[in-house]
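Read off the chains here:
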Amino acid sequence: MTEKARNGSNDAREGATVIAVTSGKCGVGKTSLSVNLACEFSRRGYRTTLVDADLGLANAHILAGMRPGKTLCDYVEGNAELSDILEEGPARVRFIAGGSGVKGMANLDEQGRRKALNAILELRPHCDVILVDTGAGVGNGVTDFVLAADHTVVVTTSNFAAIADAYGIIKVVVQDGYRNPIHCVVNRVRSPEEAEQVFAKIKGCTERFLNFDLNWLGLLPEDTSVESAVMKRLPFSEAFPSSVASKYLAKLVTSLARYVSASPKSQPTRTR
Ligand SMILES: Nc1ncnc2c1ncn2[C@@H]1O[C@H](COP(=O)(O)OP(=O)(O)O)[C@@H](O)[C@H]1O
Ligand SMILES: [Mg+2]
């Protein structure tokens, strides 16, 4: 992969802002956040695409309540065109599902990963926001998507291992030359102070050891409506728009929207 592609600078750059959502540890809420960020951007009138790039263990379609036909896996394998894998999801989000339980996808080689990245770059001129839900860890299957993003959201909880792993993924991509902004979201907190303490710990380490300035994006509280929405197979912001989680989600999108180059293409809608 060229340095240009790795840093997300390409000729189609005037299109969508690509935002990767990642974490070191799995189970911290990346997919839930990605799906709901995409819904909220779309409800605000941004042409939004969500790409499930959790290679091999994709599950964003489950949280979005979709039964995808063709997936990113079919595209990478040459069995589908880009237009075949784009489906309309909740809140009119355009959705590219990943492949789940597909060993070949989990172990995608550089050529396969480049093909998956090309799908994202091809979409760029046609959207305002592209959210990429990555897997966990620090392997190339995660870092290649982060390195191609204009902005990265790192999700953590206040769990000690999640904090250490959040620092781990930031360290790896910064050492790989990533210089675009990285924003931190602390999920499942019981108070704003808890989130601030977690953020201060990670930011302290990135400044001290990496000389990298981590940005604060915000928090999502622990909220039973998040799990209830999973049971309903709906994004929580669609199923429970008045929930505390939905209110904090709206704040996150207001903060992230500052970094999106395009303006909304339609009036804000509430699909409920
Ligand atoms: N703010 C929250 N409050 C309560 N439960 C949450 C919250 N965020 C995520 N969860 C739950 O945590 C679990 C893991 O979330 P998921 O988005 O699949 O994580 P990841 O993609 O990082 O593996 C899911 O069951 C989800 O419903
Ligand atoms: Mg996930």
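Structural data are supplied above this passage.
Residues numbered from 1 in each chain as written. Chains lettered and ligands numbered in written order. Predicted model: local features only at pLDDT ≥ 70, side-chain atom pairs only at ≥ 80, totals over all residues.

Draft legend 1. Quick look at unusual backbone geometry. Of note in this structure, R188 is not a glycine but carries a positive phi near 60°. For R188, a count of 22 C-beta atoms within 10 Å puts it in the buried group. Even without glycine at this site, R233 takes up a positive phi of about 55°. Tracing the sequence through the fold places R233 in the loop between α11 (224-232) and α12 (236-239). (Buried ≥ 20, exposed ≤ 12 C-beta atoms within 10 Å, placed from the backbone. Helix = DSSP H or I, 4+ residues; strand = E, 2+ residues; numbered from the N terminus.)

Draft legend 2. A look at the packing of helix α9 (residues 160-175) against helix α10 (residues 192-210). With their axes 10 Å apart at the nearest point, α9 and α10 run at an angle of 30° to one another. Considering how the two elements wind past one another, α9 and α10 form a crossing that is right-handed. When α9 is examined against α10, the residues I163, A166, Y167, I170, K171 and V174 are found in contact with a partner set consisting of V198, K201, I202, C205, T206 and L210. Classifying every residue of the contact of α9 with α10 by side-chain character gives nine nonpolar, one polar and two charged. (Axes fitted to C-alpha atoms, helices over the stretch in contact; angles between N-to-C directions. Left-handed = near helix turned anticlockwise from the far one by under 90°. Contact = placed C-beta atoms within 7 Å. Nonpolar A, V, L, I, M, F, W, Y, C, P; charged D, E, K, R; others polar.)

Draft legend 3. View of the site of ligand 1. Neighbouring residues of ligand 1: 17 residues in total, closest G29, K30, T31, S32 and V226. When contributions to the shell around ligand 1 are tallied by element, the ones reaching two or more residues are α2 (30-43), β7 (182-189) and α11. Taken together, the residues of the shell around ligand 1 sort by class into six nonpolar, six polar and five charged. (Near = placed C-beta within 6 Å.)

Draft legend 4. Representation of the nonpolar core in the model. One finds L72, I120, I130, V132 and V185 to be the most contacted residues of the largest nonpolar core, which totals 86 residues. Tallying contributions element by element places α9 first for this core, with seven residues. Setting aside its immediate chain neighbours within four residues, I130 contacts A16, V18, T49, V51, I120, L123 and R124. (Core = buried A, V, L, I, M, F, W, Y, C linked by C-beta atoms within 7 Å.)

Draft legend 5. Layout of the sheet that holds strand β8 (residues 215-221). Sheet architecture is open: eight strands sit in the order β3-β4-β2-β5-β1-β6-β7-β8, paired in mixed fashion. Each edge of the open sheet carries a strand with a single partner, namely β3 (86-88) and β8. For this sheet the average axis-to-axis angle between neighbouring strands, irrespective of direction, equals 25°. The sheet contact formed by strand β2 (residues 48-53) and strand β5 (residues 129-136) spans six bridges and is parallel. Paired with V51 across the two strands is V132, which belongs to β5. (Pairing = 2+ DSSP bridges.)

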